[in-house]
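Descriptive analysis of the structure
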Amino acid sequence: MGTMGEAEVEPTETDLLLEAVFQRYGYDYRSYARASIERRTRQFLSATGYASVSEMIPEVLHDKELLARLTRYFSIPVTEMFRDPSVYRVVREEVVPLLRTWPHFKIWHAGCATGEEVYSLAIVLKEEGVYDRATIYATDCSDEALERAREGVYEVGKMKEATQKYQQAGGKASFSEYYHACCDAAAMDGSLKERITFANHNLAVDEAFGEMHLVFCRNVLIYFNRELQNRALGLFTESLVHGGFLCLGTKEDIRFTDVSNRYEAVDRRARIYKKNGAS
Amino acid sequence: MGGSAGGVGALDVILSALSRDFALPVLAVQHLHPSDDGSFARHMADAARLPVVEACDKERIERGCLYTAPANYHMLVERDGTISLSVDEPVNWSRPSIDVLFDSAALAWGEGVVAVILSGANADGVEGMRSVKAAGGFTIAQDPADAESRVMPQAAIDAGVVDEVLSAKEIGQLLAEFGAIEKL
Ligand SMILES: C[S@@+](CC[C@H](N)C(=O)[O-])C[C@H]1O[C@@H](n2cnc3c(N)ncnc32)[C@H](O)[C@@H]1O
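Structural notes, computed from the coordinates. Computed from a predicted structure; not experimentally measured.

Parameters and conventions
- Residues numbered from 1 in each chain as written.
- Chains lettered and ligands numbered in written order.
- Predicted model: local features only at pLDDT ≥ 70, side-chain atom pairs only at ≥ 80, totals over all residues.
- Heavy atoms only, no water.
- Helix = DSSP H or I, 4+ residues; strand = E, 2+ residues; numbered from the N terminus.
- Buried < 20%, exposed > 50% of the residue type's maximum accessible area, 1.4 Å probe, protein only.
- Areas by Shrake-Rupley, 256 points an atom, 1.4 Å probe, with all protein chains shown as cover.
- Lys, Arg positive; Asp, Glu negative; His and termini not counted.
- Charge placed at Lys NZ, Arg CZ, Asp CG, Glu CD.
- Rg over C-alpha atoms; globule rule 2.2 N^0.38 Å.
- Contact = heavy atoms within 4.5 Å.
- Near = heavy atom within 4 Å.
- Polar contact = N/O pair within 3.5 Å; in protein donor to acceptor, adjacent residues only side chain to side chain.
- Pairing = 2+ DSSP bridges.
- Axes fitted to C-alpha atoms, helices over the stretch in contact; angles between N-to-C directions.
- Arc of directions from axis to C-beta.
- Buried area = accessible area lost by both parts, 1.4 Å probe.
- Salt bridge = Lys/Arg side-chain N within 4 Å of Asp/Glu carboxyl O.
- Nonpolar A, V, L, I, M, F, W, Y, C, P; charged D, E, K, R; others polar.

**Focus: the overall build of chain B**
When helices and strands are counted, chain B shows 6 helices and 9 strands. Counting the 184 residues in chain B, one finds 57% classified as buried. When the accessible surface of chain B is split by element, carbon and sulfur atoms take 52% of a total near 7100 Å². For chain B, the distance from the average position of its 13 positive side-chain charges to the average position of its 27 negative side-chain charges is 4 Å.

**Some points on the overall build of chain A**
Each helix and strand in chain A was counted, giving 9 helices and 10 strands. Taken over C-alpha atoms, the radius of gyration comes to 20 Å for chain A, in line with the 19 Å a tight globule of 279 residues would show. Classification of the 279 residues of chain A by burial places 54% in the buried group. In chain A, 74% of the contacts between residues at least 6 apart in sequence involve partners at least 24 apart. Of the accessible surface of chain A, which amounts to about 12400 Å², a share of 49% is contributed by carbon and sulfur atoms. Taking the average location of the 35 positive side-chain charges in chain A and that of its 42 negative ones, the two points are 6 Å from each other.

**Considerations on the site of the ligand**
Taken together, 23 residues sit near the ligand, with Tyr 32, Thr 79, Glu 117, Asp 140 and Asn 202 of chain A positioned nearest. Close to the ligand, residues of chains A and B are found. Here a nitrogen atom of the ligand and a side-chain polar atom of Tyr 32 of chain A are 2.6 Å apart. One of the side-chain N or O atoms of Glu 117 of chain A is found 2.8 Å from a nitrogen atom in the ligand.

**Some thoughts on the sheet that holds strand β6 (residues 196–200) of chain A**
Residue and element names in this part refer to chain A. Taken together, 7 strands build an open sheet; the order of strands is β6-β2-β1-β7-β8-β10-β9 and the sheet is mixed. A single partner strand is all that each edge strand has here, and the edge strands are β6 and β9 (263–267). The sheet shows a mean angle of 20 degrees between the axes of neighbouring strands, direction not considered. In this sheet, β6 lies alongside strand β2 (residues 134–140) in parallel orientation, the contact comprising 5 bridges.

**Looking at helix α3 (residues 53–62) of chain A**
Among all positions of α3 of chain A, only Val 53, Met 56, Ile 57 and Val 60 of chain A are buried. Down the axis of α3 of chain A, the sector holding all buried residues measures 115 degrees, keeping them to one side.

**Description of the interface of chain A and chain B**
Counting from both sides, the interface comprises 28 residues of chain A and, opposite them, 25 residues of chain B. The contact between chain A and chain B buries some 2200 Å² in all, and 49% of this surface belongs to carbon and sulfur atoms. When the buried surface of chain A facing chain B is broken down by residue, Arg 39, Ile 222 and Lys 251 of chain A rank first, second and third, together holding 30% of it. Where chain A meets chain B, there are 6 salt bridges. Across the pair Glu 38 of chain A and Arg 79 of chain B runs a salt bridge whose closest N-O atoms are separated by 2.5 Å. Counting across the chain A and chain B interface gives 14 residue pairs in polar contact (both at pLDDT 80 or more). Ranked by residues supplied to the side of chain A that touches chain B, first place goes to helix α2 (residues 34–48) of chain A with 7 residues. Within the side of chain A that touches chain B, the residues separate by chemical class into 10 nonpolar, 6 polar and 12 charged.

**Observations regarding the side chain of Thr 139 of chain B**
All names here are of chain B. Structurally, Thr 139 can be placed in strand β8 (residues 138–142). Owing to a relative accessible area of 0%, Thr 139 belongs among the buried residues under this scheme. When sequence neighbours within four positions are dropped, the list of residues in contact with Thr 139 reads Ala 115, Met 129, Val 132, Lys 133, Val 161, Val 162, Asp 163 and Glu 164.

**Points about the side chain of Ser 119 of chain B**
Residues and elements named next belong to chain B. Within the fold, Ser 119 resides in the loop between β7 (114–117) and α4 (126–134). At 2.6 Å, the side chain of Ser 119 and the backbone oxygen of Ala 5 are in polar contact. Once you skip the residues sitting within four places of it in the chain, Ser 119 turns out to touch Gly 3, Ser 4, Ala 5, Gly 6, Gly 7, Gln 142, Ala 147, Glu 148, Ser 149, Met 152 and Pro 153.

**Thoughts on the pattern of salt bridges**
Within the structure shown, the criterion is met by 30 salt bridges over all chains. The closest approach of N and O atoms between Glu 80 of chain A and Arg 95 of chain B, which form a salt bridge, is 3.8 Å. Separated into two different chains, Glu 80 of chain A in the loop between α4 (64–74) and α5 (85–99) and Arg 95 of chain B in the loop between β6 (83–86) and α3 (98–109) make up a pair that spans both. Neither Glu 80 of chain A nor Arg 95 of chain B differs from the other in exposure class; each is buried. Here Asp 21 of chain B makes a salt bridge to Lys 183 of chain B, at a shortest N to O gap of 3.0 Å. Placement of the pair is Asp 21 of chain B in the loop between α1 (7–15) and β2 (26–30) and Lys 183 of chain B in helix α6 (residues 168–183), with a sequence separation of 162 residues. A relative accessible area of 45% places Asp 21 of chain B in the partly exposed class. Within the structure, one salt-bridge network assembled from shared partners comprises Arg 92, Arg 100, Glu 127, Glu 128 and Lys 172 of chain A.

**Some thoughts on the sheet that holds strand β4 (residues 179–182) of chain A**
Residues and elements named next belong to chain A. Overall, antiparallel pairing links the 3 strands, which are arranged β3-β5-β4 in an open sheet. In this open sheet, the two edge strands, each paired with only one partner strand, are β3 (153–155) and β4. Sheet twist, expressed as the average angle between the axes of neighbouring strands with direction ignored, equals 30 degrees. Inspection of the sheet shows β4 paired to strand β5 (residues 185–188) by 4 bridges, in the antiparallel sense. Across the sheet, the residue bridging to Cys 182 is Ala 185, located in β5.

Here it is, written out as structure tokens:
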């Protein structure tokens, strides 16, 4: 036995790192799913050249710039336009008709990353003629991601796949109407942005905000442990009006969570749920 | 276990050797088209005698079950015996990536891991095999001569991270023995 192997030391070191980051800066990654955090910590170590997490901790405590680089590894804003096209199709066919019954409705994209999902839904709302009745809040804990989301400028090379997915999602027009290509950049059309407010919101520490009719939170909960998942789902439940909709990632599930009895499934495969009256 | 081109055929052979009361959990990453909607899991459910589950996030890992990674998600093992999914960038152009699964299993389970690399045309899995071996686990490559596509197992062999080179049929037999030992 003797000295502990790397595999046994690493969880403790990770605990210490996350605790240090929280105590010093207030960023709380302690309740994130560990396997991903550890993978990214190791990537960070090899990118920065530190021999171990322990060696890095004191440096992170004193160097804000290093901390910023580390948190960039912890919240990676990977996303795409019309990811899971069938989900947008269900939103179009099952959710929009009910949104239509409200004179005005609010949508919250939690963990919107660089905005692709927000623009995708905005396009659906436009095509269904309800965009002007919507107020859309798009939040993320990463200011950098939000900045790019606000700009809404993406690689032109990604537009081909986006176009295919847009069509699979039941798109009614030509996708090229929604962006302006210039050199290798595609800028989303300004009219899509009118009703969108981008803001920083951290699901681990911040509070709910009110009277939402639809909450989109896709592929964010998978990065959380059960406890933090329940916190975030609690915020959504608090925010949603009765009869409001919750849309999760296709491999996320509210069964086995604290709020499972607060929702009925609208479409199980698309992970779209409707908040019921029970409490 | 991880496979790419030709991996499904190898998995079929291996799993036919594992009976319903197999005493270990099995996790499989097979490179799929991103839009695959569970057809791989359904295929495995038909081919394997073990119950097959396409992993959902936070799925609890049970002995005697086969968990498949869903298309377009990485599958990771947590220390508490659950599965996490992630949509992090592809690794080796692959999501799910074999490296991601093997690395996480090595961290979570250390020497308890048996990693198997099957037929495939890229080099995903080599780094994961290295992690498993470094953590004291056991690594197996499908014999390139037995594989539909030899690149992936050969890459692992060339990297010096493989304990045993076996045909798919022999891998099945060996895993069945590991299962029997586990039951003692
Ligand atoms: C994988 S992206 C998902 C993007 C998009 N919803 C989609 O499905 O394509 C996850 C996002 O969650 C954000 N995130 C991580 N932790 C968060 C937290 N505590 N509060 C808010 N957002 C968070 C990350 O910054 C990242 O942009």
